[in-house]
Amino acid sequence: MASFKYALRDTFRLICRHWGLSILTLITAASVLYILGFTALFALNVRHMVSQIEGGLVVQVYMKKGEKPDDVYGKVKTNPTVTSIRAISPEEALDRLRAKLGNQARAVTLMGENPLPWSLEIQVQRAEHITPLVRDLVVFPSVEEVIYSGKLVERLSTISRASAGVSATILVLAVIISALVIFNTIRIAIYSRKEEIEVMLLIGATKTYISLPFVFQGMFLGAGGALLAVAGLWATYASAVNAVRSTLAFLDIIVNQQILLQFFLLLFATGATMGWMCSWLAVSRFTSRALRPR
Amino acid sequence: MDIRLAGVTKVFEPDIVALEDIYLSIDKGEFVYLVGTTGSGKTTLLRLISREYLPTRGQITVGDVNLRKIGRGRLPFYRRDVGVVFQDYKLLPNLTVFENVAFVLEAMGIPPRVVQNRANEVIDQVGLWRRRFLKPPQLSGGEQQRVAIARAMANSPSIFLADEPTGNLDLRTSEEIMRLLLSINAAGTTVLVATHDQYLVDAYRQRLVELHNGRLKRDERRGRYFIDGEL
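Quick caveat: nothing in here was measured; it's all calculated off a predicted structure.

K.L.:
Run through the packing of helix H3 (residues 97–106) of chain B against helix H5 (residues 141–153) of chain B, naming residues and quoting values.
P.N.:
All names here are of chain B. The geometry of H3 relative to H5 is characterised by a closest axis approach of 8 Å and an angle of 25 degrees between their N-to-C directions. Classified by the angle between their axes, H3 and H5 sit roughly parallel to one another. For the pair H3 and H5, the sense of crossing is right-handed. The segment H3 lies against H5, with Val97, Asn100, Val101, Phe103 and Val104 engaging Val147, Ala150 and Arg151. Looking at the contact of H3 with H5 residue by residue, the classes come out as six nonpolar, one polar and one charged.

What follows is the structure, encoded as structure tokens:
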């Protein structure tokens, strides 16, 4: 317990002794984590919108005249990417047509016998699942035609993949940059106390005792940077939501408080963990080298 | 704790032999002077005992601890039992006398109240009570030396190693330091002092071990600095 108190005291001494560097690290960590959070939020929203559109995509399968869709229905039902499947009888299809035509519904009677075939309405989990499904459907001899939004599906898949790729790249870059900044700040702090650490090792201080203030310093800087980033993101996102609602109301962006809270907590934890890991790595390297007998 | 060196050789890169085939046995509670010219291997011997260095050949045993086999995890606990006064003091210039002594005890996880009492006690013993809030640059050489001694004795070690503790000090201050070392020894601590100080060695005669070019030249119970007739 006493060691913990000494470590906390030394942590604040370290932060105060290099206050300029500490503030610089805090701002850099905050900026990088803000970019990281912003990119991730953007990617999450793109993913959310794509999945909303994907959820509404329907593949319509029209059977040949007189053919029933039982075999196709049975096959599609076993496909794990399919979320719903519904068989539409010619009668139901006619009713729908009548409803659509409204005042001109009587024109349907001119057709005489119901010319509409059996059909299936299929929904899948993601846009990219549609093309393979269609490929499976067209081989059925009883299937006359398969209708789906081919171009839209392809574009959605491309957007989804590209946004995921860009986000992942920015994410990796941001993590590397903030890790390097924190790592170097701790290294400078270590070198400023080099003499002190060497004496401590010679008089019998353990590696843990020596490392703790530096590890705490790294954690505080990482977590502090993350906290600033979260505050900035919160403000930016709130105004972005308001702007989207007033100008592009058809865009379905994430407003679920629980999801956003989880996201911000994750960002905070990322900052703290990154600070802890970088400082631990820096101090561990130094003490291991210093402890090695010559 | 007793100290045993068996066939200890230390060679530094590329090919500098600092110590060669040293056999030495120091019993618990002994006071030993290590003498010899500059470069004779005195500091190397002390650093081998504090386990800053590892011998190239041979074994060093302190108490029941073989220093070659001691792991990194146990090394801090061994070092807590060995008080070292470094040739260049190694005091931290931005800390006060009190803080320089206290931080040794803090590093061992001792509660603040105990640290305060013990640090004040040893500072008083070395006669620096009135200077405890000054920083090393504000002290004289002799006072800095006494801070280094206070720091080394703060955790009551079983072995006390002092490298040139009276170097560059006037005679009166050297005698004060010497009396301090003798009082530490009187409390049962094994004391090894590497020195060039002929006057002190002859005035306070104790066991004397002389090194010459890394080899053990002389080991006498109550030796004088120079052998009769030698200058």
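So that's the structure; there's more coming.
K.L.:
I'd like a description of the interface of chain A and chain B, backed by residues and values.
P.N.:
With 22 residues of chain A in contact, the opposing surface of chain B contributes 28 residues. Interface area, chain A with chain B, both sides summed: about 2300 Å², of which 60% is carbon and sulfur. Of all residues in chain A, A:Leu202, A:Ile203 and A:Arg294 give up the largest surface area on contact with chain B, accounting jointly for 30% of the area buried on that side. Across the contact surface, chain A and chain B share one salt bridge. For A:Arg9, the salt bridge goes to B:Glu106, with nearest N and O atoms at 2.7 Å.

K.L.:
Outline the UniProt feature "transmembrane region" (unreviewed entry) in chain A, listing residues and values.
P.N.:
Residue and element names in this part refer to chain A. The feature "transmembrane region" (unreviewed entry), as given by UniProt, occupies residues 21–44, 166–190, 211–239 and 259–283 in the numbering adopted here. Secondary structure content for residues 166–190 is 100% helix and 0% strand, and the end C-alpha separation is 36 Å. Between the C-alpha atoms that bound residues 259–283 there is a distance of 36 Å. The span itself is 100% helix and 0% strand.

K.L.:
Could you give an account of the pairing of strand E3 (residues 31–35) of chain B, naming the residues involved and the relevant values?
P.N.:
Residue and element names in this part refer to chain B. Counting buried residues in E3 gives five out of five residues, a clear majority hidden from the surface. Alternating residues of E3 divide into Phe31, Tyr33 and Val35 and Val32 and Leu34, and every residue in both groups is buried. Alignment of E3 against strand E8 (residues 190–194), held across four bridges, turns out to be parallel. Bridging across to E8, Leu34 finds its partner in Ala194. Relative to strand E9 (residues 207–212), E3 runs parallel, the two being bridged by four bridges. Note on E9: the bridge partner recorded for Tyr33 is Leu208.

What counts, and where the lines are drawn
- Residues numbered from 1 in each chain as written.
- Chains lettered and ligands numbered in written order.
- Predicted model: local features only at pLDDT ≥ 70, side-chain atom pairs only at ≥ 80, totals over all residues.
- Heavy atoms only, no water.
- Axes fitted to C-alpha atoms, helices over the stretch in contact; angles between N-to-C directions.
- Helix = DSSP H or I, 4+ residues; strand = E, 2+ residues; numbered from the N terminus.
- Parallel < 35°, antiparallel > 145°, perpendicular 65-115°, else oblique.
- Left-handed = near helix turned anticlockwise from the far one by under 90°.
- Contact = heavy atoms within 4.5 Å.
- Nonpolar A, V, L, I, M, F, W, Y, C, P; charged D, E, K, R; others polar.
- Buried area = accessible area lost by both parts, 1.4 Å probe.
- Salt bridge = Lys/Arg side-chain N within 4 Å of Asp/Glu carboxyl O.
- UniProt positions renumbered as here; feature names shortened; annotations may be inferred.
- Buried < 20%, exposed > 50% of the residue type's maximum accessible area, 1.4 Å probe, protein only.
- Pairing = 2+ DSSP bridges.

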